[in-house]
Amino acid sequence: MIGSNVDLGFTTYPVAPGTHSCFLYRDEAEQRSITLHYIAAGLRQGEKVICLSDQLTKGELLEQFRSEQLDFAGHDPGAGLLVMPTCLYYRRGYFSPEEMIEQWRRLFEEARAEGYRRLRVTGDTSWLKSGLPGAERFVEYEVKLDTELCNYPVTLLCQYNTRLFRGAELAELINAHPFIVGNGQLFRNRFYDLRFAG
């Protein structure tokens, strides 16, 4: 973790840049609310924000910001926001943890070259159920994020629709994250701490 605490937008719990959280949602309204405030908080703090979504567009997010009259502390939300489809996870038709992590490194370096000190990312993972090659390595990817990006100020919010994943499958994904977001609240994941203790 690097630097002073950052605001996640939906909780007063202080976290460091580089925090890696698992967001569990059951419906689109909940997903949109948390995502909107997470993104807005990053833009308000002058971060570069990347949202991987097949449902939201940049125009829709900017319109929601205007509708809710959100304050961006003088920052231009349109300048710092990049919305991309979830196929960024599998650009070549398969998913590779190594290639995806290298892509995050490259995107952070691009953001830094643009003058941003931190990068904030959120991505929906519903594509995992589409049967793409390499999807079975996603837990491995989630674990690698905490070691491979530990020296980068990249804050991550991974979105999981709980209706799509079986219990054991979801538990394995959850336990690859130091923090959990459920019912709009942020919790430290004690099972993650136990898994990697010692």
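This is a predicted model, so every value here is computed, not measured.

Colleague: Quick question: what am I supposed to make of the overall build of the protein chain here?
Modeller: Within the protein chain one finds 7 helices and 7 strands. For the protein chain, the N- to C-terminal ordering of α and β elements is β-α-β-α-α-β-α-β-α-β-α-β-β-α. Taken across its 198 residues, the protein chain has 53% of its residues classed as buried. For the protein chain, long-range pairs separated by at least 24 residues make up 74% of all intrachain contacts whose partners lie at least 6 apart in sequence. Entry remark: accessible area of the protein chain is about 9400 Å², with carbon and sulfur atoms responsible for 51%. Distance between charge centroids for the protein chain: 2 Å, based on 22 positive and 26 negative side chains.

Colleague: Can you help me understand the packing of helix α4 (residues 97–113) against helix α5 (residues 138–148) in this one?
Modeller: Packed helix pairs are specified by the crossing angle of their axes together with the interaxial distance, meaning the distance between the axes. It is the contact of α4 with α5, at a shortest axis distance of 10 Å, that shows an interaxial angle of 40 degrees. On the basis of their axis angle, the class for α4 and α5 is oblique. In this structure, α4 crosses over α5, and the sense of that crossing is right-handed. Seen from α4, the contacting residues are Pro97, Glu98, Met100, Ile101, Trp104 and Arg105; seen from α5, they are Glu140, Tyr141, Lys144, Leu145 and Glu148. The residue inventory of the contact of α4 with α5, partitioned by class, reads 6 nonpolar, no polar and 5 charged.

Colleague: How do you make sense of unusual backbone geometry when you look at a structure like this?
Modeller: The bulk of non-glycine residues show a negative phi, and the bulk of peptide bonds are trans. One non-glycine residue, Gln69, lies in the positive phi region at around 50 degrees. Residue Gln69 is classed as exposed on the basis of its relative accessible area, which comes to 71%. The phi dihedral of Ala73 falls on the positive side, at around 50 degrees, and the residue is not glycine. Of note, Ala73 is situated in the loop between α2 (58–67) and α3 (77–80).

Colleague: Explanation requested: the side chain of Arg118 in the structure shown.
Modeller: Looking at the secondary structure, you find Arg118 in the loop between α4 and β4 (119–124). Within the local environment of Arg118, its side chain forms a polar contact with the side chain of Glu47, the two groups lying 3.2 Å apart. In this structure Arg118 touches Ser4, Val6, Pro17, Gln45, Glu47, Lys48, Phe108 and Pro153, once residues within four positions along its chain are discounted.

Colleague: Would you mind showing me how to read the nonpolar core here?
Modeller: Soluble globular proteins tend to bury their nonpolar side chains together. Tyr89, Met100, Trp104, Trp127, Phe138, Tyr141 and Tyr160 are the most contacted members of the largest nonpolar core, which totals 34 residues. Those elements giving two or more residues to this core turn out to be β1 (20–25), β2 (48–52), α4, β4, α5, β5 (154–161) and α6 (167–174). With 5 residues, α4 is the largest single contributor of residues to this core. Apart from residues lying up to four places away in sequence, Tyr89 is in contact with Leu52, Tyr94, Phe95, Met100, Gly123, Asp124, Trp127, Phe138 and Tyr141.

Colleague: Can you walk me through the sheet that holds β1 in this structure?
Modeller: Sheet strands line up and pair through hydrogen bonds in the backbone, either parallel or antiparallel. Read from one edge to the other, the open sheet built from 7 strands follows the order β3-β2-β4-β5-β1-β6-β7, with strand pairing classed as mixed. Of all strands in the sheet, those with a lone pairing partner are β3 (81–84) and β7 (185–188), marking the two edges. For this sheet, the mean angle separating the axes of adjacent strands, direction not counted, is 20 degrees. Taken together, the 6 bridges between β4 and β5 define a ladder with parallel strand orientation. When the sheet's bridge partners are listed, Arg120 is paired in β5 with Thr155. Lying on the sheet, helix α1 (residues 28–44) is in contact with β1, β2, β3, β4 and β5; it crosses β4 at an angle near 165 degrees.

Rules behind the numbers
- Residues numbered from 1 in each chain as written.
- Predicted model: local features only at pLDDT ≥ 70, side-chain atom pairs only at ≥ 80, totals over all residues.
- Heavy atoms only, no water.
- Helix = DSSP H or I, 4+ residues; strand = E, 2+ residues; numbered from the N terminus.
- Buried < 20%, exposed > 50% of the residue type's maximum accessible area, 1.4 Å probe, protein only.
- Contact = heavy atoms within 4.5 Å.
- Areas by Shrake-Rupley, 256 points an atom, 1.4 Å probe, with all protein chains shown as cover.
- Lys, Arg positive; Asp, Glu negative; His and termini not counted.
- Charge placed at Lys NZ, Arg CZ, Asp CG, Glu CD.
- Axes fitted to C-alpha atoms, helices over the stretch in contact; angles between N-to-C directions.
- Parallel < 35°, antiparallel > 145°, perpendicular 65-115°, else oblique.
- Left-handed = near helix turned anticlockwise from the far one by under 90°.
- Nonpolar A, V, L, I, M, F, W, Y, C, P; charged D, E, K, R; others polar.
- Polar contact = N/O pair within 3.5 Å; in protein donor to acceptor, adjacent residues only side chain to side chain.
- Core = buried A, V, L, I, M, F, W, Y, C linked by side-chain atoms within 4.5 Å.
- Pairing = 2+ DSSP bridges.

Taken by themselves, the reported measurements are silent on function.
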